[in-house]
Amino acid sequence: MANMSPNKVAMPEQDPNVRNKNFKEVALGYTKEMAMEEATRCLNCKNKPCVNGCPVNVPIPEFIEKVAAGDFEGAYEVITSENALPAICGRVCPQENQCEGKCVRGIKGEPVGIGRMERFVADYHMANAEPAEVSIEKNGKKVAVVGCGPAGITCAGELIKKGYEVTVFEALHKPGGVLSYGIPEFRLPKDLVAKEIESVENLGVKIETNVIVGRSVTIDELMEDGYEAVFVGSGAGLPRFLNIPGENYLGVYSANEFLTRVNLMKGYEFPEYPTPVKIGKKVAVVGAGNVAMDAARTAKRLGADEVYIVYRRSEEEAPARLEELHHAKEEGIIFKFLNNPVAIKANEDGWVEKMEIVKQELGEPDASGRRSPVPIEGSNYDIDVDTVVIAIGQSPNPLIRHTTPGLDVQKWGGIIVDEETMESSKDGVYAGGDTVTGAATVILAMGAGKKAAAAIDKKLRG
Amino acid sequence: MEIHAPFVARKCEPGQFIIIRVDEKGERVPLTIADYDREKETVTIIYQVVGYSTELLSKKKEGDYVADFVGPLGQPSILHKRERVLGVAGGVGAAPLYPQLRKLAEMGVPVDVIIGGKSAEFVILKEKFEEFCENVFIATDDGSLGTKGFVTNVLEDQIAKGVKYDEVIAIGPLIMMKNVVKITKQHDIPTMVSLNPIMIDGTGMCGGCRVTVGGETKFACVDGPDFDGFQVDFDECMKRQTMFREEEHECKIGRGK
């Protein structure tokens, strides 16, 4: 008989008023006992709707069965048969819209805590397992991967297992892409990211940092160099701005700049790490996605007194994971829903002083299916702020499309691919992740990398 | 300083820059490419010791390593076959100007240059420019070399003398470029400037290097670093450059010696 508790086994967390002053991980993870107990809530139902909800189709009930039996290494093997980065996915996947969103237990209570168990299994393996010796038979074919984020790492990991010689080219000095520069330490510890990447390197994947494909070397040159296929996972590295007056004043950051200074360059340990980040007393973050939550919670941790989330729609339309919204509220972030900034004002020295906001009401659904915000005339007001972070999304980075003839792209810059194979208009060039979809999630990017790897393998084997 | 960097040396063109990280904890510092040797796979950088990282860099000896060196970044300069081009350099601005003027000279364009500096010791690359420039003018604030005064004084003299330039390339401190443009605008001489704002990644990701050019926001790292000087909002650039002034100071005391 399954455990019929309507609630997930609670996961211990740092107290909100303690954690909003440190960069240690917020959620502390299950113990063995908690994981085994949660596992008994799975009904092991016939249809397995959770598996269909997973972009990489992890055999979820199978791994949960192993957890229930206390066979954590067995569970790890099941998960990693389909997912190379479980410690990361267990932490940052929007489970409520994916596996857990489909769970039948969710109809009458909370769904099974799949994410929490995935995280436990991965952490258990990392803490206990000896690195296994691997021997893979090489097939003598070379594949290049552009960008060492979730899409690229996954694609590389899949291809190396199939016998290819794989080199990943990364523009920054550190691998990981958004896992390193974007998602903060308190949500995704960086040593864990490093370990997951290491495990892919252990399989034989070569990572070349400091190489900017599109500048240091072009895709055509890689092909001339003997790479028989190229996978482009260059991400959505071009920040969007609001295009309102005052965005170039001092104290206005893109979320990318703000988070990169903190996460990649360790600005929170300034001056030990010499890249500074400036936090005022009152910070406004514009947007309500995961990146906006990350920026707001980071600002709070760096000592801001008041941190606002300013978002033009209502809470219901906010794209962030539920857990991130919840954590942000607990940590004292002030939400201003249905508020749209229209101007940023500065003092004589050009430093941000105020943000002018106009209140909104919800109108008809727009192209995204969400109800669109409509300004309420005459409702303009100013708030005092000294730092503004713009977190309203990113577009694909333009370097690749500018330097790769024959590569068809969407008007907004996304690389156009065949959805089945992820192959672009250019023969032998594949793409996936944010560079195709625009800013999305880690797991969708991983799914794309995996699909592309299968298609590349099929094509190169002939 | 010459650095062995095959990926950069194979591809770089005048006008482009690199990002260097001296040590494992270091900042990402953008520096312009002064010269390159495709065969030796080396790139030459010239820098002024202004902060923590450049100080650390200056202590490196031959054969030492730096943590990271990435490039080439930015758009190569667009060099036109003109009747006569004048280069104007302030301080280490002479470094990025050098490959641009040399390439113009190779294209058969007669070039002159004005090199400015606080005093004689800050005037760099004079002999290098003399190899291909028809006229090399020097201006120092204290008069220790060449004309006493600013590069703009020499520029005005040349124009007053009736020397016809159909393009000026000015690279140096923002205030110098702003003042050069003030003069060339009056005489309607097209002027390119090279911007070196605060940036992190250099690939368009952070947007920290945004500048207003012709009323539009551009990213210096991917749209530049060269821009039409008449269109650049120098006052905004100068303000943005001061964003981390206090931290630079703190960093020097905190980590410096």
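Residues numbered from 1 in each chain as written. Chains lettered and ligands numbered in written order. Predicted model: local features only at pLDDT ≥ 70, side-chain atom pairs only at ≥ 80, totals over all residues. Heavy atoms only, no water.

**Regarding the UniProt feature "domain: FAD/NAD(P)-binding" (unreviewed entry) in chain A**
Note the cut-off: UniProt positions are given in the numbering used here, feature names are shortened, and annotations may be inferred rather than shown by experiment. The numbering of helices and of strands both runs from the N terminus, where a helix is a DSSP run of H or I of at least 4 residues and a strand a run of E of at least 2.
UniProt's feature table lists "domain: FAD/NAD(P)-binding" (unreviewed entry) at residues 141-449 of chain A, given in the numbering used throughout. Taken end to end, residues 141-449 of chain A is 27% helix and 25% strand, and its first and last C-alpha atoms sit 18 Å apart.

**Comments concerning the sheet that holds strand β7 (residues 111-117) of chain B**
Residues and elements named next belong to chain B. Put simply, the rule is: Paired strands, as defined in this entry, are two strands with at least two bridges between them according to DSSP. The contact criterion used is simple: two residues touch if any of their non-hydrogen atoms lie within 4.5 Å. Axis geometry follows a simple rule: fit a line to the C-alpha atoms, using only the stretch in contact for helices, then measure angles between N-to-C directions, giving values from 0 to 180 degrees.
Read across the open sheet, the seven strands follow the order β9-β8-β7-β6-β10-β11-β14; overall the sheet is mixed. Of all the strands in the sheet, the pair left with one neighbour each is β9 (147-148) and β14 (226-228). Two strands pair when backbone bridges link them, and strand β6 (residues 85-90) and strand β10 (residues 167-171) are joined in this way by five bridges, in the parallel orientation. Residue pairing in the sheet places Ala89 in a bridge with Ile171 of β10. Each of β6, β10 and β11 (191-194) is contacted by helix α6 (residues 174-186), which is oriented at about 165° to β10, the strand it contacts most.

**Focus on α6 of chain B**
Each α-helix winds once per 3.6 residues, and so residues spaced three or four apart point in a common direction. Residue and element names in this part refer to chain B. We count it as follows: To estimate how far a helix should extend, the number of its residues minus one is multiplied by 1.5 Å. Throughout this description, buried means an accessible area under 20% of the type-specific maximum (1.4 Å probe, protein chains only), exposed means over 50%, and partly exposed covers the range between.
Under the 1.5 Å per step criterion, the end-to-end length of α6 is 19 Å for 13 residues, consistent within 8% with the ideal 18 Å. Among the residues of α6, those classed as buried are Leu174, Met176, Met177, Val180, Val181, Ile183 and Thr184. Elements in contact with the buried residues of α6: β6, α5 (151-160), β10, β11 and α8 (234-240). Asp188 lies just past α6 and shows a positive phi near 55°.

**Notes on the UniProt feature "domain: Dihydroprymidine dehydrogenase" (unreviewed entry) in chain A**
Those places that UniProt annotates as "domain: Dihydroprymidine dehydrogenase" (unreviewed entry) correspond, in this numbering, to residues 19-128 of chain A. Across residues 19-128 of chain A, the secondary structure splits into 53% helix and 0% strand, with the terminal C-alpha atoms separated by 27 Å.

**Looking at the domain arrangement of chain B**
Residues and elements named next belong to chain B. Using the following cut-off: Domain delimitation in this document rests on an assignment produced automatically or drawn from a domain database. Throughout, the accessible surface (probe 1.4 Å) given up by two parts as they are put together, summed over both, is called the buried area.
By the assigned domains, chain B splits into domain 1 (2-73), domain 2 (76-191) and domain 3 (195-245). Placing the centre of domain 1 and that of domain 2 at their C-alpha centroids yields a distance of 24 Å. Taken together, the contact between domain 1 and domain 2 spans eleven residues of the former and 14 residues of the latter. For the pair domain 1 and domain 2, the summed buried surface comes to about 1000 Å²; carbon and sulfur atoms form 62% of the total. For domain 1, the biggest contributors to the area lost against domain 2 are Pro14, Ile46 and Gln48; these three give 44% of the whole.

**Concerning unusual backbone geometry**
The omega angle of the peptide bond from Gly71 of chain B to Pro72 of chain B is -5°, so this bond is cis rather than trans. A cis amide bond links Gly224 of chain B to the next residue, Pro225 of chain B, at an omega of 10°. A positive phi angle is found at Lys266 of chain A, which is not glycine, with a value near 55°. Summarising the element assignment, Lys266 of chain A is placed in the loop between α13 (255-263) and β7 (282-286).

**A word on the state of the cysteines**
Residues and elements named next belong to chain A. To be explicit about the condition: Any cysteine sulfur atom paired with another within 2.5 Å is treated as part of a disulfide.
A full pass over the atoms with the stated rule returns zero disulfides over all chains. Between Cys54, a cysteine without a disulfide, and Cys99, which holds the nearest cysteine sulfur, the sulfur-to-sulfur distance is 6.5 Å. With relative accessibility at 11%, the residue Cys54 sits in the buried group. With no disulfide of its own, Cys93 has Cys89 as its nearest cysteine by sulfur position, at a separation of 4.1 Å. Overall, the relative accessible area of 6% leaves Cys93 in the buried class.

**Topic: the environment of Ile79 of chain A**
All names here are of chain A. Looking at the element boundaries, Ile79 is found in helix α5 (residues 72-80). Residues Ile79 and Ala236 lie 157 residues apart in sequence; the distance between their C-alpha atoms is 27 Å. Once residues lying within four places of it in the same chain are set aside, the contact partners of Ile79 are Val58, Phe63, Pro86, Glu118 and Val121.

**Concerning the nonpolar core**
Counted only if it meets this: The criterion is simple. A nonpolar core is a set of buried Ala, Val, Leu, Ile, Met, Phe, Trp, Tyr and Cys residues joined through side-chain atoms within 4.5 Å.
Ile60, Phe63, Val67, Ile88, Val232 and Ile456 of chain A are the most contacted members of the largest nonpolar core, which has 88 residues in total. If one sorts the elements of this core by residue count, helix α18 (residues 442-461) of chain A sits on top with ten residues. Summarising the domain contributions, this core has at least three residues from each of domain 1 (16-128) and domain 2 (142-237 + 395-461) of chain A. Counting 56 residues, the second-largest nonpolar core is a separate cluster that includes Ile344 and Ile383 of chain A together with Leu73 and Val213 of chain B.

**A short note on the pattern of salt bridges**
Stated precisely, the cut-off is as follows: For salt bridges, the criterion is a side-chain nitrogen of Lys or Arg within 4 Å of an Asp or Glu carboxyl oxygen.
In the structure shown here, the tally under the stated rule is 45 salt bridges over all chains. Two residues, Glu228 of chain A and Lys141 of chain A, come together in a salt bridge whose shortest N-O distance is 3.8 Å. Of the two residues, Glu228 of chain A sits in strand β4 (residues 227-232) while Lys141 of chain A sits in the loop between α8 (114-128) and β1 (142-146), which places them 87 residues apart along the sequence. Across the pair Glu55 of chain B and Lys59 of chain B runs a salt bridge, and its minimum N-O distance is 3.4 Å. Overlapping salt bridges bring together Glu13, Arg19, Arg187, Asp294, Arg297, Arg301, Arg321, Glu323, Glu324, Glu330 and Glu331 of chain A as one network.

**What about the packing of α5 of chain A against α8 of chain A?**
Angle between the axes and distance between the axes are the two parameters that describe a pair of packed helices. Residue and element names in this part refer to chain A. Note the cut-off: The scheme is simple: roughly parallel for angles under 35 degrees, roughly antiparallel for over 145, roughly perpendicular for 65 to 115, oblique for anything else. Less than a right angle of anticlockwise turn of the near helix away from the far helix marks a crossing as left-handed, whereas a clockwise turn marks it as right-handed. By the convention adopted, Pro, Cys, Tyr, Trp, Phe, Met, Ile, Leu, Val and Ala count as nonpolar, Lys, Arg, Asp and Glu as charged, and the other residues, Gly among them, as polar.
Remark: α5 packs on α8, axes separated minimally by 9 Å, with the N-to-C direction vectors making an angle of 110°. On the basis of their axis angle, the class for α5 and α8 is roughly perpendicular. For the element pair α5 and α8, the recorded crossing hand is left-handed. Where α5 abuts α8, its residues Phe72, Glu73, Ala75, Tyr76 and Ile79 lie against Glu118, Phe120, Val121, Ala122, Tyr124 and His125. Of the residues belonging to the contact of α5 with α8, the class tally is eight nonpolar, one polar and two charged.

**Focus on the sheet that holds β1 of chain A**
Residues and elements named next belong to chain A. The five strands lie next to each other as β3-β2-β1-β4-β16, forming an open sheet whose pairing is parallel. Each edge of the open sheet carries a strand with a single partner, namely β3 (206-208) and β16 (429-431). Strand-to-strand, the axes of this sheet are offset by a mean angle of 20°, without reference to chain direction. One ladder, built from three bridges, connects β4 with β16; its direction is parallel.

**Remarks on the interface of chain B and chain A**
Our working rule: A 3.5 Å cut-off defines polar contacts: any pair of N or O atoms within that distance qualifies, except that in protein one atom must be a possible hydrogen donor and the other a possible acceptor, and neighbouring residues in sequence count only when both atoms are side-chain atoms.
Opposite the 44 residues of chain B that make contact, chain A presents 46 residues. For the chain B and chain A pair, buried surface summed over both sides reaches about 3800 Å², with 60% attributable to carbon and sulfur atoms. The interface formed by chain B and chain A holds two salt bridges in total. For Glu221 of chain A, the salt bridge is made with Lys11 of chain B, and the minimal N-O distance between the two is 3.0 Å. Counting the contacts that link chain B with chain A gives 16 residue pairs in polar contact (both at pLDDT 80 or more). Considering every element that reaches the side of chain B that touches chain A, the biggest residue donor is strand β5 (residues 68-73) of chain B, with six residues.

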